[in-house]
Amino acid sequence: AKWLGLESEQKYNGFGVSACAVCDGFFFKGQDVAIVGAGDTAAEEATYLAKLCNKVHMLVRRDEFRASKAMQNRVLNTPNIEIHYNTDTKEILGNGKNVTGILVSNNKTGEEKTIDVSGFFVAIGHNPNTEIFKGWLDMDETGYLITKSDSTKTNIEGVFACGDAQDKLWRQAITAAGTGCMAALEAERYLAAKEDH
Ligand SMILES: Cc1cc2nc3c(=O)[nH]c(=O)nc-3n(C[C@H](O)[C@H](O)[C@H](O)COP(=O)(O)OP(=O)(O)OC[C@H]3O[C@@H](n4cnc5c(N)ncnc54)[C@H](O)[C@@H]3O)c2cc1C
């Protein structure tokens with residue numbers, strides 16, 4: 001996951017700070033949380049959290065969303081999501097063990113305020129760890145490996161890609177295991193076909 005780069009964010013990573021609402025949202029059931037981000041993923045994760053949590057503070061850096069109109073409407077029509085536009089996260093506050101709040105500032109007025117939350121979700125995107133394949137394997141503009149439709153085949157024969165490195169949509173253990181199984185079977189099939197010749 002991409003992080004904001006705050007020291008306090010890493011200090012409380014796993015103790016209230018998370019980059020995966022689907023994975024960790026449940027731990028904040030009935031509580032107040034904040035989420036930073038303005039794209040489709042952030043909007044989807046905010047509405048997911050809103051179903052579990054008491055209140056979701058959504059921190060948007062600009063004065064508008066990057067998310068699609070449909071996703072924006074979902075957020076805007078969810079009563080327990082409060083949107084804070086033009087807002088930067090300055091610090092994650094805690095008691096030494098867990099997150100207790102966040103310090104935010106309005107990047108237009110400079111006004112600072114604290115918001116009490118027990119969870120802080122970062123939803124500003126991901127960087128797949130595929131740098132070493134650059135120039136060899138086809139990848140999209142964000143670095144996700146491109147595989148052939150309904151397959152784990154890459155542009156190089158005998159090289160198969162699976163898991164989070166080729167999945168920009170779901171990025172879950174179960175989906176990674178599924179495509180991992182597909183890649184193993186395709187590799188086996190590939191080798192078996194070679195032996196037949
Ligand atoms: C904090 C957190 C919580 C999560 N919770 C959940 C959850 O509750 N449910 C769920 O379904 N999913 C969850 N996920 C997502 C899940 O962990 C991933 O989708 C899954 O691990 C992806 O599997 P993968 O094998 O594709 O990649 P990874 O698990 O990331 O494995 C990649 C491996 O490749 C290794 N590697 C990297 N570069 C190289 C290299 N150059 N040479 C050799 N090895 C290399 C890495 O060390 C690593 O071991 C969570 C993720 C995070 C970060």
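Residues numbered from 1 in each chain as written. Predicted model: local features only at pLDDT ≥ 70, side-chain atom pairs only at ≥ 80, totals over all residues. Heavy atoms only, no water.

Engineer: Lay out the packing of helix 3 (residues 40–52) against helix 4 (residues 69–76) with the relevant residues and their values.
Structural biologist: The N-to-C vectors of helix 3 and helix 4 enclose an angle of 30 degrees; their axes lie 9 Å apart at closest approach. By the angle between their directions, the pair helix 3 and helix 4 is classed as roughly parallel. Relative to helix 4, helix 3 is oriented so that their crossing is left-handed. Only M71, R74 and V75 of helix 4 make contact with helix 3, whose side of the interface consists of D40, A43, E44 and T47. Residue composition of the contact of helix 3 with helix 4, grouped by class: 3 nonpolar, 1 polar and 3 charged. (Axes fitted to C-alpha atoms, helices over the stretch in contact; angles between N-to-C directions. Helix = DSSP H or I, 4+ residues; strand = E, 2+ residues; numbered from the N terminus. Parallel < 35°, antiparallel > 145°, perpendicular 65-115°, else oblique. Left-handed = near helix turned anticlockwise from the far one by under 90°. Contact = heavy atoms within 4.5 Å. Nonpolar A, V, L, I, M, F, W, Y, C, P; charged D, E, K, R; others polar.)

Engineer: Summarise the side chain of R171; cite the residues concerned and give the values.
Structural biologist: The residue R171 is located in the loop between strand 8 (119–122) and helix 5 (173–196) in this model. No salt bridge is formed by the buried R171. Its closest oppositely charged neighbour is D164, at 5.7 Å. A distance of 2.8 Å separates a polar side-chain atom of R171 from the backbone oxygen of K168. Excluding anything up to four places from it in sequence, R171 contacts T41, H126, Y144 and D164. (Buried < 20%, exposed > 50% of the residue type's maximum accessible area, 1.4 Å probe, protein only. Lys, Arg positive; Asp, Glu negative; His and termini not counted. Salt bridge = Lys/Arg side-chain N within 4 Å of Asp/Glu carboxyl O. Polar contact = N/O pair within 3.5 Å; in protein donor to acceptor, adjacent residues only side chain to side chain.)

Engineer: So what's going on with the pattern of salt bridges? Residues and values would help.
Structural biologist: Counted under the stated rule, the structure contains 3 salt bridges. Among the ionic pairs, E82 bridges to K55, the shortest N-O distance being 2.6 Å. On the criterion of sequence distance, the pair formed by E82 in strand 4 (residues 81–84) and K55 in strand 3 (residues 55–59) is long-range, its members being 27 residues apart. Overall, E82 belongs to the partly exposed group, its relative accessible area being 32%. On the basis of relative accessible area, K55 is assigned to the partly exposed category, the value being 27%. Residue K134 is joined to E131 by a salt bridge in which the shortest nitrogen-to-oxygen separation is 3.8 Å.

Engineer: Give me the lowdown on the side chain of H84, citing residues and values where you can.
Structural biologist: The residue H84 is located in strand 4 in this model. Taking relative accessible area as the criterion, H84 reaches 7% and is therefore assigned buried. One polar contact links H84 to H57, side chain to side chain, over a distance of 2.9 Å. If we skip the residues at most four places from it in the chain, H84 touches H57, M58, L59, V60, K113 and I115.

Engineer: Explain the site of the ligand to me, using residue names and the numbers behind them.
Structural biologist: Surveying the vicinity of the ligand reveals the residues C23, N129, I132, G163, D164, R171, Q172, A173, I174 and A176. At a separation of 2.8 Å, an oxygen atom of the ligand approaches a polar backbone atom of D164. Contact between the ligand and A173: an oxygen atom at 2.8 Å from a main-chain N or O atom of the residue. For the ligand, whose free accessible area comes to 1,000 Å², the fraction covered by protein is 33%. At 3 residues, the largest contribution of residues to the shell around the ligand is made by helix 5. Taken together, the residues of the shell around the ligand sort by class into 5 nonpolar, 3 polar and 2 charged. (Near = heavy atom within 4 Å. Areas by Shrake-Rupley, 256 points an atom, 1.4 Å probe, with all protein chains shown as cover.)

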